[in-house]
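# Fold and geometry: a report
Now for the letters of each chain:
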Amino acid sequence: MTVNDRAIYMDNSATTPLRKEVVEEMLPFMTGNFGNPSSIYEIGKISKHSIDEARRKVAYALGAEENEIYFTSGGTESDNWAIKGIAFANRNKGKHIITSSIEHHAVLHTCAWLEGQGFEVTYLPVDKYGMVSPEEVRKAIRDDTILISIMLANNEIGTIQPVEEIGKIAKENRIYFHTDAVQAIGHVPIDVKKMNIDLLSLSGHKFEGPKGCGALYVRKGVKIEPLLHGGAQEGRRRAGTENVPGIVGLGKAIELATAEIGELNRTLLELRERLIKGLLRIPKTHLNGHPKQRLANNVNITLEYIEGESLLLLLNAKGIFASTGSACNSTSLEPSHVLTACGVPHEIIHGSLRLSLGRMNSEKDVDRVLEVVPEIVQKLRNMSPLTPEEYRTT
Ligand SMILES: *Cc1c(COP(=O)(O)O)cnc(C)c1O
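Keep in mind the model is a prediction, meaning the values are calculated, not measured.

Time to look at the sheet that holds strand S9 (residues 285-287). The strand order across the open sheet built from three strands is S9-S10-S12, with neighbouring strands paired in antiparallel fashion. Of all the strands in the sheet, the pair left with one neighbour each is S9 and strand S12 (352-356). The average angle at which neighbouring strand axes cross in this sheet is 25°, direction not considered. Looking at chain direction, S9 and strand S10 (residues 298-303) are connected through three bridges and run antiparallel. Counted as the bridge partner of Leu287 is Ile301 from S10. Packing against the sheet, helix H9 (residues 261-279) makes contact with S9, S10 and S12, and its axis sits at approximately 10° to S10.

See the structure below:
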């Protein structure tokens, strides 16, 4: 099935469609320009130059230097590399890591694995909006803390963390600071120097670039072990023949996303507020995440007496594509660890709906969603034995 013209795609936090301009940049590297960037003849050189250009674009978008950008296979690899790489390069200094309880599984499962390797991890709680307190970070620091990893923006509820303040605390204590900025690129302006970030993960497919291609920013001077060993690619820090079409596409996508960040945010913010206002008119509905400090594209609500999966299926039947939370949770029945950490009551946690907006969405889409969701919710509530009499219509 393809997304046809009438379908409404509101799952941009799971992935985004490739932009036309990005596809056009990538195509030559899937046809004529197939050279290995490590080769010295013409088509190899073209590949090499194109990678260098993409690296410049990523560096520019982050306020970093070119030689601080390393291409990876995506957000998951970048998170794994940052955390394992710092842990193993600095374990003579200490074995303690600080993170939050609402990180992406790429961070949480990596930390859990490190616990099995003898490291100790503090998982900080969040408030009801999903916000990490910088003071809690400060209090969690020990003599043997080597890394603080706190995401820039959450993928389920969109809450934007006080990363600059946390980075400052890390710096004062000479502890490395990593941030998973996968959801933030194209939505939150980033300056790694100003924000005191030592390592930053990003992923192409979350900002209209290709899947399977990401990057890790590593500040010059940071002590980190490679994750992949082999050839001399990426300054001998990330072996393997480069994903040239992916890297070229990622470069173009980040260039466009960064240039248009203000304009896109203004549009999305209007759509988001319209959507939230409309959805909260449905009785027994609650907004998850921070009301203001949140991504302009994120709407996450909990509907009482509703099973999120049923809602998604009925929305799908109407050509509306959404999610209950993170893509990883949509195939498991585990309650969302993010909503759990925010203190959303156990009985209603399964009734969550995430609508994540993108550049392709319009006011018309929002109005269509606001027409369809209340109808489906009422239908499901009428069917559920849990719904009190006053919220039934039949
Ligand atoms: C999507 C996502 C990832 C994983 O990125 P992939 O490129 O899909 O591996 C990591 N962290 C966050 C916050 C994400 O949203």
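Right, picking up where we left off after that structure.
The next subject is the domain arrangement of the protein. Assigned domains within the protein: domain 1 (8-16 + 261-391) and domain 2 (20-259). Tallying the contact residues gives 30 residues for domain 1 and 35 residues for domain 2. Of the roughly 2700 Å² buried at the junction of domain 1 and domain 2 (both faces included), carbon and sulfur atoms supply 53%. On the domain 1 side of the interface with domain 2, the three residues burying the most area are Ile261, Leu295 and His337, jointly 25% of the side's total. Seen at the junction of domain 1 and domain 2, the total is one salt bridge. Glu208 is paired through a salt bridge with Arg359; the nearest N and O atoms lie 3.0 Å apart. Joining domain 1 to domain 2, the criterion identifies 20 residue pairs in polar contact (both at pLDDT 80 or more). Contributing elements (two or more residues each) for the side of domain 1 that touches domain 2: H9, S10 and helix H11 (337-341). Taken together, the residues of the side of domain 1 that touches domain 2 sort by class into eleven nonpolar, 16 polar and three charged.

Summed over the entire model, instances satisfying the criterion amount to 25 salt bridges. Notably, a salt bridge pairs Glu273 with Arg272, separated by 2.9 Å at the nearest N-O pair. Residue Glu273 is classed as partly exposed on the basis of its relative accessible area, which comes to 33%. A salt bridge links Glu363 to Arg274, with the shortest nitrogen-to-oxygen separation between them at 3.7 Å.

Let us now look at helix H3 (residues 75-89). Look at H3: 21 Å from first C-alpha to last across 15 residues, which is about the 21 Å you get at 1.5 Å a residue. Within H3, 13 of the 15 residues are buried, leaving the element largely enclosed by the surrounding structure.

At Glu208, a position not held by glycine, the phi torsion is positive, near 65°. The phi angle at Glu234 is positive, at roughly 50°, despite the residue not being glycine. Counting through the fold element by element, Glu234 comes out in helix H7 (residues 233-236).

For the rest of this paragraph, the subject is the environment of Asn12. Mapped onto the secondary structure, Asn12 falls in the loop between strand S1 (8-9) and helix H1 (20-26). Between the alpha carbons of Asn12 and Ala317 there is a distance of 19 Å; along the sequence they are 305 residues apart. Ignoring anything within four residues of it in the chain, the contact list for Asn12 reads Pro17, Ser356, Leu357, Gly358 and Asn361.

Here the focus is the packing of aromatic side chains. Aromatic rings in a pair are described by how distant their centres are and how their planes are angled relative to each other. According to the stated counting rule, one finds four aromatic pairs in the structure shown. Plain terms: the ring middles of Phe88 and Phe119 are 5.4 Å apart, the flat faces sit at 75° to each other, and that makes the pair edge-to-face. You can see Phe88 sitting in helix H3 and its partner Phe119 sitting in the loop between helix H4 (105-116) and strand S4 (120-124), a full 31 residues away along the chain. What makes Phe88 partly exposed here is its relative accessible area of 24%. Of the residues examined, Phe119 reaches a relative accessible area of 3% and is grouped as buried. Feature note: the residues Phe88, Trp113 and Phe119 constitute an aromatic cluster, connected by ring pairs. The positively charged end of Lys84 is found above the aromatic ring belonging to Trp113, 4.9 Å away from the centroid.

Cut-off values and rules
Residues numbered from 1 in each chain as written. Predicted model: local features only at pLDDT ≥ 70, side-chain atom pairs only at ≥ 80, totals over all residues. Heavy atoms only, no water. Pairing = 2+ DSSP bridges. Helix = DSSP H or I, 4+ residues; strand = E, 2+ residues; numbered from the N terminus. Axes fitted to C-alpha atoms, helices over the stretch in contact; angles between N-to-C directions. Contact = heavy atoms within 4.5 Å. Domains from an automatic or database assignment. Buried area = accessible area lost by both parts, 1.4 Å probe. Salt bridge = Lys/Arg side-chain N within 4 Å of Asp/Glu carboxyl O. Polar contact = N/O pair within 3.5 Å; in protein donor to acceptor, adjacent residues only side chain to side chain. Nonpolar A, V, L, I, M, F, W, Y, C, P; charged D, E, K, R; others polar. Buried < 20%, exposed > 50% of the residue type's maximum accessible area, 1.4 Å probe, protein only. Expected span 1.5 Å × (residues − 1). Phe/Tyr/Trp six-rings, centres within 6.5 Å; stacked < 30°, edge-to-face > 60°. Lys NZ or Arg CZ within 6 Å of the ring centre and 35° of its normal.

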